[in-house]
4 protein chains.
Amino acid sequence: MIASFLARSSQSKTRVATKLASPITGLRFKSTGSKVKRIGFVGLGNMGLPMATNLFNGFKDKADFIIYDINQKTTSNFLKDHNTDPNNKDKVKVAKSPLEVAQEATVIVTMLPASQHVEGVYFGKDGLFGALSENHLVMDASTIDQSMATRVAKALHEKGAKAIDAPVSGGTGGAQAGTLTFMVGSNTNADFELAKPYLEKMGKNIVYCGTNGNGQVAKICNNMLLGISMIATSETMNLGVRMGMDPKLLAGILNTSSGRCWSSEVYNPCPGVQENSAATRGYTGGFGMPLMAKDLRLAVNAAVDTKTTVMLGAMAQQLYNQMAANKDYENLDFSAAYKWLSENAK
Amino acid sequence: MIASFLARSSQSKTRVATKLASPITGLRFKSTGSKVKRIGFVGLGNMGLPMATNLFNGFKDKADFIIYDINQKTTSNFLKDHNTDPNNKDKVKVAKSPLEVAQEATVIVTMLPASQHVEGVYFGKDGLFGALSENHLVMDASTIDQSMATRVAKALHEKGAKAIDAPVSGGTGGAQAGTLTFMVGSNTNADFELAKPYLEKMGKNIVYCGTNGNGQVAKICNNMLLGISMIATSETMNLGVRMGMDPKLLAGILNTSSGRCWSSEVYNPCPGVQENSAATRGYTGGFGMPLMAKDLRLAVNAAVDTKTTVMLGAMAQQLYNQMAANKDYENLDFSAAYKWLSENAK
Amino acid sequence: MIASFLARSSQSKTRVATKLASPITGLRFKSTGSKVKRIGFVGLGNMGLPMATNLFNGFKDKADFIIYDINQKTTSNFLKDHNTDPNNKDKVKVAKSPLEVAQEATVIVTMLPASQHVEGVYFGKDGLFGALSENHLVMDASTIDQSMATRVAKALHEKGAKAIDAPVSGGTGGAQAGTLTFMVGSNTNADFELAKPYLEKMGKNIVYCGTNGNGQVAKICNNMLLGISMIATSETMNLGVRMGMDPKLLAGILNTSSGRCWSSEVYNPCPGVQENSAATRGYTGGFGMPLMAKDLRLAVNAAVDTKTTVMLGAMAQQLYNQMAANKDYENLDFSAAYKWLSENAK
Amino acid sequence: MIASFLARSSQSKTRVATKLASPITGLRFKSTGSKVKRIGFVGLGNMGLPMATNLFNGFKDKADFIIYDINQKTTSNFLKDHNTDPNNKDKVKVAKSPLEVAQEATVIVTMLPASQHVEGVYFGKDGLFGALSENHLVMDASTIDQSMATRVAKALHEKGAKAIDAPVSGGTGGAQAGTLTFMVGSNTNADFELAKPYLEKMGKNIVYCGTNGNGQVAKICNNMLLGISMIATSETMNLGVRMGMDPKLLAGILNTSSGRCWSSEVYNPCPGVQENSAATRGYTGGFGMPLMAKDLRLAVNAAVDTKTTVMLGAMAQQLYNQMAANKDYENLDFSAAYKWLSENAK
């Protein structure tokens with residue numbers, strides 16, 4: 001499957017994983033043969049809440065749910081919104097701890113802000129780890145460093161559980177629309193196939209990235225290249241405009257030449273060049289400065305840890321960090337790098 | 001025409017200027033009504049020689065030629081190769097100076113290494129300028145700074161001559177194949193239309209970039225963005241590989257995600273990712289380190305002159321400059337940035 | 001005292017803390033009035049071992065010792081070397097855990113490689129924390145991030161213990177010679193005064209840096225500025241030499257002008273400029289590339305955490321990281337940045 | 001003398017060239033034996049005017065003067081101010097061209113803004129060059145690129161004239177006070193000695209830098225190192241302050257440690273740290289952003305031309321360029337880098 005996946009990659013622009021004929025059969029683990037009865041979800045924040053909602057809507061006829069979040073208001077709201085079937089008052093349960101989630105559910109998704117939260121939820125007091133077994137499939141959608149992701153996977157594998165890392169791109173918009181891209185690290189193709197039916201309820205593209213931890217690698221690599229390209233495009237558009245070129249004309253030339261990139265073609269940071277870009281709507285919405293700064297911090301630290309030189313990556317990190325520290329920019333889309341460059345030269 | 005050109009830009013990927021029904025009619029200048037009798041070409045170096053050859057082959061039935069180069073061996077070779085028509089021994093002439101070119105030809109192309117050579121050929125002793133008039137159409141294909149390009153155009157316009165700047169991309173390969181891209185700065189659409197039939201014999205894409213000087217702006221903008229993107233792609237591929245990812249798999253993911261750029265999709269710097277890339281053939285051929293360093297110098301100095309901040313552009317300039325200074329890299333394609341990054345960490 | 005310390009700073013170049021008339025009286029803590037009976041030391045690595053030796057030699061007539069290191073060979077060697085008094089066979093004891101150190105000693109020094117080791121020794125199983133009380137004075141000489149340093153201090157203060165952070169500069173040479181500089185963070189002047197007599201046995205300069213955690217801040221700030229200045233000096237010397245200047249003459253000019261810095265005056269990276277520099281002896285010994293890379297990582301991450309922009313700091317981090325990843329440079333002094341710059345342009 | 005100069009350099013902080021016993025004897029050129037009758041000065045701008053004034057005051061008893069500037073108001077004002085001796089109405093003359101200066105004066109100083117002005121004044125129509133001979137001593141105090149400086153010297157030597165390059169540091173304040181530092185490039189020690197008596201009227205330190213052109217090299221090297229150090233000091237002070245340290249305390253620690261540099265010790269960019277710094281008086285006066293940006297442009301282009309890598313130099317150039325482009329910063333001292341860094345993070 002992995003081989004065929006690679007083969008297909010040159011043909012299709014957006015590689016949606018093949019829908020299995022009967023995805024639910026994937027739920028019968030070889031070791032037990034039992035059917036999933038309950039799906040667990042830990043972490044219902046800005047991203048996790050819409051993801052959990054989509055997962056619930058996709059599987060509510062086949063399984064019950066158990067959820068956990070440190071914020072009890074979030075979980076009680078979810079309960080109120082989704083426990084609506086009069087014949088099945090217990091469709092959704094709120095757990096008192098991650099441990100309880102692992103005790104009741106055999107398929108578990110976690111979506112947490114950073115490495116230290118993942119460590120706490122998995123290995124802390126009353127953590128998931130205490131009840132995991134060979135009956136469990138666990139998918140961590142958090143964006144964390146590779147070393148924590150592989151540590152989680154290793155610990156779970158020692159208990160016989162299936163584990164994948166599956167960080168996402170697509171933002172809160174993609175989470176709500178169910179169109180996220182999942183970048184999946186999995187030591188075995190079988191685990192990847194088992195996870196897919198669940199991820200497909202929350203996302204559109206389920207991309208295989210190699211062994212456990214490589215989902216995280218793919219994500220920070222892509223976002224580092226994106227972060228650099230956006231500043232490079234901003235510098236270039238700003239230079240051209242200040243030298244007297246029409247921005248639309250310049251963008252058109254770049255986009256048919258060797259300078260083109262996603263940031264120049266699809267998401268041009270110069271206002272007015274594209275009708276539906278963040279730039280044209282005042283840099284509202286989109287992918288915020290602090291998020292790009294966070295991903296670049298992961299990338300640069302991973303580079304230092306692996307003795308890899310990333311001059312431009314480090315420079316981009318500083319520039320997003322600078323904008324994230326400025327109250328006029330911290331809430332803007334990351335393409336406001338153009339605004340920063342053009343307005344500082346006043 | 002310019003408006004319609006812009007309108008089309010969203011539909012076609014490679015915008016080849018429309019072939020005029022009878023391009024040669026473009027040669028009848030309003031002011032004189034005379035037909036072109038002789039085409040001049042100054043600067044027959046690595047790029048200029050194949051360009052002049054293509055231009056000759058395209059127009060030899062309609063016009064004679066006069067050429068000039070500081071290197072007399074080059075011009076006498078050209079003479080030997082092309083003055084082969086027994087009925088017209090004088091098809092090609094070698095001029096003693098640029099001035100003589102301007103005295104005999106009304107359509108002139110110049111292709112010179114840098115600003116100081118342009119200054120000498122146009123304004124120096126026995127320069128073109130001495131004989132230019134309203135009968136002349138002059139196309140400068142050199143890559144020089146915008147200020148020199150506009151100075152040339154202004155001086156020519158004052159004499160009534162038509163002048164465009166038309167730097168190229170595509171390298172010596174494109175020059176030989178006649179598939180160069182010309183980025184054209186022209187104050188009037190009429191001049192652009194007059195120049196096109198000639199440029200089309202030497203190139204495939206004739207791109208309108210705005211007023212005089214903007215051909216140069218477009219070129220250095222594109223090449224700055226390209227130069228940064230190539231290093232960014234190299235850093236990213238190297239990081240992913242050192243973190244354990246398969247390079248083809250990583251490239252596939254980037255190229256279907258927001259990190260994609262020309263350097264990752266078409267010209268990936270990691271050997272083996274693409275069959276026909278410079279990287280896969282040992283970084284031979286292609287666009288050399290000193291050329292990229294030269295273009296980035298033009299870009300960064302233009303930025304300083306216009307008070308534009310180009311952090312990543314300046315960093316990229318230093319990195320190409322560093323490689324161009326190393327005898328193991330100076331003759332390699334600019335995508336050897338990947339080799340530099342991966343081999344320095346030995 | 002702090003005020004007078006600051007007042008003195010403009011007068012003396014090297015500010016050695018005033019020797020107390022009878023330092024040992026400092027050991028009588030107000031709360032107990034008891035005299036120190038035993039001094040503890042945790043972490044006897046390359047730096048810790050010579051520091052512990054100097055501390056032992058300075059206090060062996062007044063106190064007994066208890067030591068702990070994860071490497072048992074180190075502690076048994078220390079025991080063999082120092083338990084030589086036939087009348088006091090128990091002068092030095094080896095503890096089975098940090099906890100035992102805290103149970104037996106009231107003055108404790110820790111010297112550990114990084115934040116995670118500090119966390120383990122203080123808060124892990126059988127850690128120091130289990131036995132700390134208002135009778136303890138604890139000095140952590142490790143170089144770690146500010147947040148861990150303040151977390152340690154806060155936890156110790158809650159138990160009533162005195163706590164200071166006191167990272168060092170001076171390297172293994174300074175550790176052996178007892179000439180280290182300690183940069184001390186302490187919430188109270190009293191604790192600073194209590195700690196001084198011990199630190200003075202291991203170092204020459206005991207510098208007050210403000211509240212707990214600020215010892216760490218001072219160290220990474222100094223080393224970031226040093227790391228940038230060394231590369232800047234290397235770039236400058238290399239540029240001058242390549243433009244034809246005599247390196248000694250250039251260094252002499254810089255050092256009497258506004259470009260001078262410690263790296264140009266005291267530790268010039270160009271071989272031959274100074275007789276006793278690391279550069280002149282082939283960049284052997286000194287402060288290694290990985291150490292500078294580690295300190296810059298702390299600095300850049302601290303900058304990101306506090307939303308501070310450090311463009312040059314981030315660039316310097318990448319450059320030391322690049323050299324630390326190269327087997328020809330990883331074991332050289334950090335001033336080999338000059339060698340890197342001059343030899344890459346071959 | 002040069003050797004002894006170098007020997008002395010380790011002893012004295014400010015190396016003032018030894019006063020010759022009778023400097024005026026230096027004026028008797030071997031070839032003619034004639035005494036200087038007239039001193040010429042070309043370029044009476046912000047720097048040149050006070051320099052010419054000091055030179056006039058120092059030599060008015062021994063020589064007459066002839067001056068030239070493109071701005072006639074400047075020269076007529078100088079005439080009015082200095083032609084006050086009723087017995088010698090012709091003490092100062094205003095020349096109609098640089099040529100006339102060379103025709104009348106045998107000792108000439110030029111002080112011009114940039115390379116192109118030097119080219120014009122020396123080699124242009126009615127330039128100095130037309131009348132230079134073996135009787136002339138010419139000192140160019142302009143800050144220009146090395147290649148122009150050596151071109152000027154070579155051309156003058158071919159005519160038998162003595163030529164030195166002598167760019168200055170010290171600003172308009174130093175020009176008025178006569179305390180400038182001259183960095184002198186001279187092919188022979190004899191020419192250096194001839195020039196010294198004149199330079200000593202305008203400056204305090206006359207520093208020998210090697211052969212012709214090396215005065216320029218020394219200046220851009222020093223200013224590149226200074227420019228980087230100032231930003232590095234600003235980043236460091238800002239980081240420490242944002243992490244909670246008292247700025248005076250931090251500066252005191254840096255200045256007794258390996259991080260110290262002229263920018264931290266003498267000209268600290270953090271307001272309030274030093275009583276008389278530009279920072280403390282609101283960054284007024286001092287060395288402006290555009291001047292530092294200009295010198296860094298010369299340095300970075302020299303680096304590119306000599307294939308020297310200057311990563312930090314290029315980054316510093318961009319940062320000063322960015323501030324010089326901002327109307328709130330363009331008129332501030334270059335140490336306002338601290339203000340930029342601290343205020344952008346609002």
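On a predicted model such as this, the values are computed, not experimentally measured, just so you know. Residue positions within a chain follow its written sequence, with the count starting from 1. Note on labels: chains are lettered from A, ligands numbered from 1, in written order. In keeping with the predicted nature of the model, local features appear solely for residues at pLDDT of at least 70, side-chain atom pairs appear and are counted solely at 80 or more, and the whole-chain, interface and lining totals rest on all residues. The side-chain figures draw on all heavy atoms in the structure; neither hydrogens nor water molecules are used.

### Concerning the overall build of chain A
Starting at the N terminus, helices and strands are each numbered in turn, a helix being any DSSP run of H or I of at least four residues and a strand any DSSP run of E of at least two. Helix and strand content of chain A: 14 helices and 9 strands. When each of the 346 residues of chain A is scored for burial, the buried share is 61%. Accessible area for chain A stands at about 12,700 Å²; split by element, carbon and sulfur atoms hold 51% of it. Residue exposure (1.4 Å probe, protein chains only): buried if accessible area is under 20% of the type maximum, exposed if over 50%, otherwise partly exposed. What sets the accessible areas is the Shrake-Rupley method with a 1.4 Å probe; for residues, cover comes only from the shown protein chains.

### Topic: the UniProt feature "domain: 6-phosphogluconate dehydrogenase NADP-binding" (unreviewed entry) in chain A
UniProt positions are given in the numbering used here, feature names are shortened, and annotations may be inferred rather than shown by experiment. The UniProt feature table records "domain: 6-phosphogluconate dehydrogenase NADP-binding" (unreviewed entry) at residues 38-210 of chain A. Structurally, residues 38-210 of chain A comprises 42% helix and 22% strand, and the distance from its first C-alpha atom to its last is 28 Å.

### Section: the relation of the copies chain D and chain C
Copy-to-copy alignment: least squares on C-alpha atoms, limited to residues at pLDDT 70 or above in both. Mapping chain D onto chain C calls for a screw motion: a turn of 180 degrees about the axis and a shift of 0.0 Å along it, with 0.0 Å RMSD after fitting. Accordingly, the operation relating the two chain copies is best matched by a two-fold axis. Looking at the rotation axis and the C-alpha trace of chain D, the residue lying nearest is D:Cys261, at 1.9 Å.

### Structural notes on the sheet that holds strand 7 (residues 168-169) of chain D
Residues and elements named next belong to chain D. Only strands joined by at least two bridges in the DSSP assignment are considered to pair. Taken in spatial order, the 3 strands make up an open sheet running 7-8-9, and their pairing is mixed. Each of the sheet's edge strands pairs with one partner strand only, and the pair in question is strand 7 and strand 9 (203-208). In this sheet, strand 9 lies alongside strand 8 (residues 180-184) in parallel orientation, the contact comprising 5 bridges. Its bridge partner being in strand 9, Leu 180 is matched across the sheet by Gly 203.

### Let's talk about the domain arrangement of chain A
All names here are of chain A. Throughout the structure description, domain borders are defined by an automatic or database domain assignment. Domain assignment breaks chain A into domain 1 (2-211) and domain 2 (218-344). Between domain 1 and domain 2, the residue contacts involve 8 residues of the former and 5 residues of the latter. By definition, the buried area sums, over both parts, the 1.4 Å-probe accessible area that each loses when the two are put together. Summing the contributions of domain 1 and of domain 2, the shared interface buries around 580 Å²; its carbon and sulfur component is 69%. Any pair of N or O atoms that falls within 3.5 Å is considered a polar contact. Within protein, one atom must be able to donate a hydrogen and the other to accept it, and sequence-neighbouring residues count only if both atoms are side-chain atoms. Along the contact surface separating domain 1 from domain 2 lie 4 residue pairs in polar contact (both at pLDDT 80 or more). Working rule for contacts: check all heavy atoms of both residues, and any pair within 4.5 Å makes them a contact.

### A short note on the interface of chain B and chain D
Each partner contributes residues to the interface: chain B has 21 residues there, and chain D has 21 residues. Salt bridge, as applied in this entry: a Lys or Arg side-chain nitrogen positioned within 4 Å of an Asp or Glu carboxyl oxygen. Linking chain B with chain D are 2 salt bridges, by the criterion used here. Between D:Asp305 and B:Arg297 there is a salt bridge whose closest N-O contact spans 2.3 Å. At the junction of chain B and chain D, the tally comes to 7 residue pairs in polar contact (both at pLDDT 80 or more). For the side of chain B that touches chain D, the elements supplying multiple residues, two or more each, are helix 12 (289-305) and helix 13 (311-324) of chain B. Examining the composition of the side of chain B that touches chain D, we find that 9 residues originate from one element, helix 13 of chain B, more than from any other. Here the side of chain B that touches chain D is composed, by residue class, of 10 nonpolar, 7 polar and 4 charged. Put simply, Ala, Val, Leu, Ile, Met, Phe, Trp, Tyr, Cys and Pro go in the nonpolar bin, Asp, Glu, Lys and Arg in the charged bin, and everything else, Gly too, in the polar bin.

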